[in-house]
Amino acid sequence: TERMTLEEDLKSGLLENQFEVYYQPKVNMQTGEVIGSEALVRWHHPTLGNIRPDIFIPVAEESGIIIQLGEWILRTACRDTLKLQQMGMGDLQVAVNISAVQFTGGDLLPTVKRALEETEFSATSLELEITESAVMHDPEAVIRSLHELSQFGIKLAIDDFGTGYSSLAYLKRFPVDTLKIDRAFIKDISRDSDDVVIVEAVLGLGKHFGLKVVAEGVEDNDQLEFLKRQGCDIAQGYHLSPPLAFDQYLAWLEDWNRERDEIDSGVDAASEYNSAVVQLHKNGRNA
Ligand code: G
Ligand code: G
Ligand code: MN
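None of these values were measured; they are calculated from a predicted model.

Draft legend 1. View of the coordination of the manganese ion (ligand 3). Protein coordination at the manganese ion (ligand 3): the donors are E38 (OE), N97 (OD1), E129 (OE) and D159 (OD), at 2.1 to 2.5 Å from the metal. Mapping the donors of the manganese ion (ligand 3) onto the primary sequence gives the spacing E-x58-N-x31-E-x29-D. Of the two residues, E38 sits in strand β2 (residues 34-45) while D159 sits in strand β6 (residues 155-161), which places them 121 residues apart along the sequence.

What follows is the structure, encoded as structure tokens:
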């Protein structure tokens, strides 16, 4: 009963604008530059309060509502990111999570093209995140679809890399641009030597195949330092910022960029700064 109610509520929620897209910044660890964000949907339910995507995304997938919801998320993410680009926040990209259902049953390519046309957002600033299990669901169909998207200029990332049921052989055949190391491996990176080996192996794969590697779930200085030393390109996680509503993301970008400029021009008010900015810059200069 709960599930059916949730399903009905999802439909009316879409009509009544109860969803909101949050953005979690991603930072280039070597330069301190913000490269863009991951779009993460939030549901403000009128009586149940905020419902986590872990709860409602599976229901949206099973009921097929993910097709409409996914299209709305895609359009919103493109429109919001274009707005930030036009406000001078830099050449930001945005990464949108895509479910297996959207690949197999949803005319993904036409949907993505339509979203880009409607919003006038550039295909090359859009990245789609898919999990290993979504890929393995129907590898041949997904590979075809990935090739079409990639020919169109869209970037592709494999999410939660290392946790799924996957075949490394497919890496050779996927037009993939980015690997996202699952946060489970980052969590104990400064203590657990098994995790160190796994992270090093993923970085090695990334290097060999010419892929960008994003570390997810970076929560403290030690993790950031370690990953940077290992030559990891991009970090995402609470240490930099949690997922933010559009206005908060804009404010975060302004702060981050201003602090970078001030540090570069030698202003020394570092104690008031976001510790991650200072850290990335200091190290950059000392290196
Ligand atoms: O956003 P976290 O904050 O709670 O997200 C939990 C899970 O929900 C993650 O696995 C994330 O990939 C998934 N998720 C969040 N937003 C979206 C979305 O827009 N589309 C899909 N398909 N999954 C999402
Ligand atoms: O599966 P996916 O990687 O899309 O999930 C993103 C999820 O990770 C979201 O639920 C997001 O809120 C969460 N998240 C983002 N940064 C951190 C972090 O630093 N630590 C933890 N524990 N979760 C995070
Ligand atoms: Mn993701």
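Draft legend 2. Representation of the site of ligand 1. Around ligand 1 sit L40, V41, R42, R52, P53, D54, I57, I73, N97 and S99, and those are all the residues in its vicinity. R42 is positioned with one of its side-chain polar atoms (N or O) 2.7 Å from an oxygen atom of ligand 1. S99 is positioned with one of its side-chain polar atoms (N or O) 3.0 Å from a nitrogen atom of ligand 1. Isolated, ligand 1 exposes 480 Å² of accessible area, and the fraction of that covered by the protein chains is 76%. Of all the secondary structure elements, the ones that give two or more residues to the shell around ligand 1 are β2 and α2 (53-63). Each residue belonging to the shell around ligand 1 can be placed in one class, and the counts come to five nonpolar, two polar and three charged.

Draft legend 3. Looking closely at the packing of aromatic side chains. Scanning the model with the defined rule gives five aromatic pairs in all. Ring geometry for F19 versus W43: centroids 5.3 Å apart, planes at 25°, classification stacked. Here the residue F19 occupies a position in strand β1 (residues 19-28), and W43 occupies one in strand β2, the gap between them amounting to 24 residues. The exposure classification of F19 matches that of W43, with both residues buried. Between the aromatic rings of W43 and F56, the centroid separation amounts to 5.4 Å while the plane-to-plane angle is 80°, which identifies the pairing as edge-to-face.

Draft legend 4. Here's a closer look at the pattern of salt bridges. In this structure the tally under the stated criterion is 13 salt bridges. Two residues, D255 and R258, come together in a salt bridge whose shortest N-O distance is 3.2 Å. Of this pair, D255 and R258 both sit in helix α12 (residues 246-264), separated by three residues, roughly a single helical turn. On the accessibility criterion, D255 (38% relative accessible area) is partly exposed. Residue class for R258 comes out partly exposed when judged on its relative accessible area of 37%. A single network of salt bridges, built from pairs that share partners, joins E38, E129, K180 and E216.

Draft legend 5. Summary view of the packing of helix α3 (residues 66-86) against α12. Running from N to C, α3 and α12 cross one another at 30°; their axes reach a closest spacing of 12 Å. Between α3 and α12, the angle falls in the class roughly parallel. Of the two elements, α3 crosses α12, and the hand of that crossing is right-handed. In contact with D80, K83 and L84 of α3, α12 contributes F246, Y249, L250 and L253. Looking at the contact of α3 with α12 residue by residue, the classes come out as five nonpolar, no polar and two charged.

Draft legend 6. Quick look at the pairing of β6. Within β6, five of the seven residues are buried, which leaves the element mostly enclosed by the surrounding structure. Where strand β5 (residues 126-131) and β6 come together, five bridges link them in parallel fashion. When the bridges of β6 are listed, T131 appears paired with D159. Here β6 pairs with strand β7 (residues 178-181) via three bridges, running parallel. When the bridges of β7 are listed, A157 appears paired with T178.

Draft legend 7. Representation of the site of ligand 2 in the model. If you check the shell around ligand 2, you find 14 residues, and the closest are Q24, R183, E216, E219 and Y238. In this structure, E38 approaches ligand 2 through a side-chain N or O atom, which is 3.0 Å from an oxygen atom. In this structure, R183 approaches ligand 2 through a side-chain N or O atom, which is 2.6 Å from an oxygen atom. Protein burial of ligand 2: of its 530 Å² of free accessible surface, 79% is covered by the chains. The class makeup of the residues in the shell around ligand 2 is three nonpolar, four polar and seven charged.

Thresholds, definitions, all that
Residues numbered from 1 in each chain as written. Chains lettered and ligands numbered in written order. Predicted model: local features only at pLDDT ≥ 70, side-chain atom pairs only at ≥ 80, totals over all residues. Heavy atoms only, no water. Donors = N, O, S within 2.8 Å, 3.2 Å for Na, K, Ca; no water. Helix = DSSP H or I, 4+ residues; strand = E, 2+ residues; numbered from the N terminus. Near = heavy atom within 4 Å. Polar contact = N/O pair within 3.5 Å; in protein donor to acceptor, adjacent residues only side chain to side chain. Areas by Shrake-Rupley, 256 points an atom, 1.4 Å probe, with all protein chains shown as cover. Nonpolar A, V, L, I, M, F, W, Y, C, P; charged D, E, K, R; others polar. Phe/Tyr/Trp six-rings, centres within 6.5 Å; stacked < 30°, edge-to-face > 60°. Buried < 20%, exposed > 50% of the residue type's maximum accessible area, 1.4 Å probe, protein only. Salt bridge = Lys/Arg side-chain N within 4 Å of Asp/Glu carboxyl O. Axes fitted to C-alpha atoms, helices over the stretch in contact; angles between N-to-C directions. Parallel < 35°, antiparallel > 145°, perpendicular 65-115°, else oblique. Left-handed = near helix turned anticlockwise from the far one by under 90°. Contact = heavy atoms within 4.5 Å. Pairing = 2+ DSSP bridges.

Note that all results are geometric; they support no functional claim without further evidence.
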